[in-house]
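Listed here are the chains, written in short residue letters.
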Amino acid sequence: MPNKKLHHSIKTATSQLTSSILWMAVSAAMLTLNAAAQTGAWLMPSHDEQHSALSTVQSQALETIHWHVPVDLSPPHGEIFIHYGSPLVTAANTVILPVKTGSNSFRVEAHNGATGKRLWMQKTDWQAPQASFVPGLGPTLSNNSLFVPDLAGRVLVRSNPDQAKGTVTRLYFYGVKNFWKNPTVYSQNVQINTPLSIDANGNIYFGFLVLGPTPLNLQSGLARGRR
């Protein structure tokens, strides 16, 4: 999404009034940043759509393990060539973890960030694309919903990720009617191969692979969609 540029001009002034106005504007901006920092949300892999990986909250000292949970229930023997998916954190401090459950099977789990208690689990049929390493499952958060890659290039949408119960719907970037015309072909031949990213306007972005012919003659590329 193109960045919106704010154009402004600052005229030089020596009056105390102008200096006071500028000081109040800076103070207001700092208060806004501090308020945002208190949420501590980490909504997608690498934090944001620019993949800055910069948190607004200072990390704690790395001296104590508050809680831990396995992210691979079927680890291979010997050297591990796996990229595990990035944890996500909601503004309410719910930690959402991608978990590898088999050689190529996955789910997401939600845990209380303070205690580590598991709140819920959600299975996905997403398959990692073939590579010299196993890529990680890449969900994302937006507008009180969790978005998770799934089979056939579709995206699972779970509402209320901070709650034990939530409804699950499915999105198809090429259209749900097209999927149901030939679900087997799309399930076998369309595959999400990147983490999901969502911009400030709610647009979902991801890369996908087309492994064989489809009725729509899809070609591998980037997809953008909205809920």
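This text gives an overview of the structure that appears in the document. Everything quoted here is computed from the prediction, not taken from an experiment.

### Observations regarding the sheet that holds strand β7 (residues 154-159)
Ordered in space as β5-β6-β7-β8, the four strands form an open sheet in which the pairing is antiparallel. Each of the sheet's edge strands pairs with one partner strand only, and the pair in question is β5 (140-142) and β8 (168-172). In this sheet, neighbouring strand axes are inclined to one another by 30° on average, regardless of whether the strands run parallel or antiparallel. Across three bridges, the pairing between β5 and strand β6 (residues 145-149) is antiparallel. Within β6, the position partnered with serine 142 by the bridge is serine 145.

### A word on the sheet that holds strand β3 (residues 106-112)
Ordered in space as β1-β2-β3-β4, the four strands form an open sheet in which the pairing is antiparallel. A strand with exactly one partner marks an edge of an open sheet, and here the two such strands are β1 (88-89) and β4 (118-124). Examined bridge by bridge, β3 and β4 share six bridges and lie antiparallel to one another. Directly across from arginine 107, in β4, lies its bridge partner lysine 123.

### Topic: the pattern of salt bridges
Applying the stated criterion across every chain yields a total of five salt bridges. The salt bridge partner of arginine 107 is glutamate 109, with a shortest N-O separation of 2.6 Å. In terms of burial, arginine 107 and glutamate 109 fall into one category: buried. Put simply, glutamate 109 and arginine 118 hold a salt bridge, and the shortest N to O gap is 3.8 Å. Its relative accessible area of 44% is what places arginine 118 among the partly exposed residues.

### Points about the environment of proline 149
Looking at the secondary structure, you find proline 149 in strand β6. Sequence-wise, proline 149 and glutamine 127 are 22 residues apart; in three dimensions their C-alpha atoms are separated by 9.0 Å.

### Some details on unusual backbone geometry
The backbone phi angle of asparagine 93 is positive, close to 70°, even though this residue is not glycine. Note on placement: asparagine 93 falls in the loop between β1 and β2 (94-100). A positive phi angle, close to 65°, is found at alanine 152, a residue other than glycine. By the element assignment, alanine 152 lies in the loop between β6 and β7. Judged by its relative accessible area of 0%, alanine 152 is buried.

### Structural notes on the environment of proline 129
By secondary structure assignment, the location of proline 129 is in the loop between β4 and β5. Assessed through its relative accessible area of 9%, proline 129 is described here as buried. Sequence separation between proline 129 and leucine 209 is 80 residues; the distance between their C-alpha atoms is 8.4 Å. With sequence-adjacent residues up to four places away left out, proline 129 is seen in contact with Pro135, Gln191, Ile192, Asn193 and Leu209.

Definitions and limits used
Going along each chain's sequence as written, the residues are numbered from 1 onward. The predicted nature of this model means local features are confined to residues of pLDDT at least 70 and side-chain atom pairs, given and counted, to a pLDDT of 80 or more, with totals for whole chains, interfaces and linings taken over all residues. Side-chain numbers come from the whole structure's heavy atoms, not from hydrogens or water. When DSSP finds at least two bridges between two strands, those strands are taken to pair. Secondary structure elements are taken from DSSP: a helix is a run of H or I of four residues or more, a strand is a run of E of two residues or more, and numbering for both begins at the N terminus. Note on geometry: axes are C-alpha line fits, over the in-contact stretch for helices, and angles between N-to-C directions span 0 to 180 degrees. Between Lys or Arg on one side and Asp or Glu on the other, a salt bridge is scored when a side-chain nitrogen of the former is within 4 Å of a carboxyl oxygen of the latter. Summary of the burial criterion: residues with accessible area below 20% of their type's maximum are buried, those above 50% are exposed, and those between are partly exposed, where the area comes from a 1.4 Å probe applied to protein chains only. The contact definition used throughout considers only heavy atoms, calling two residues in contact when any of these lie within 4.5 Å.

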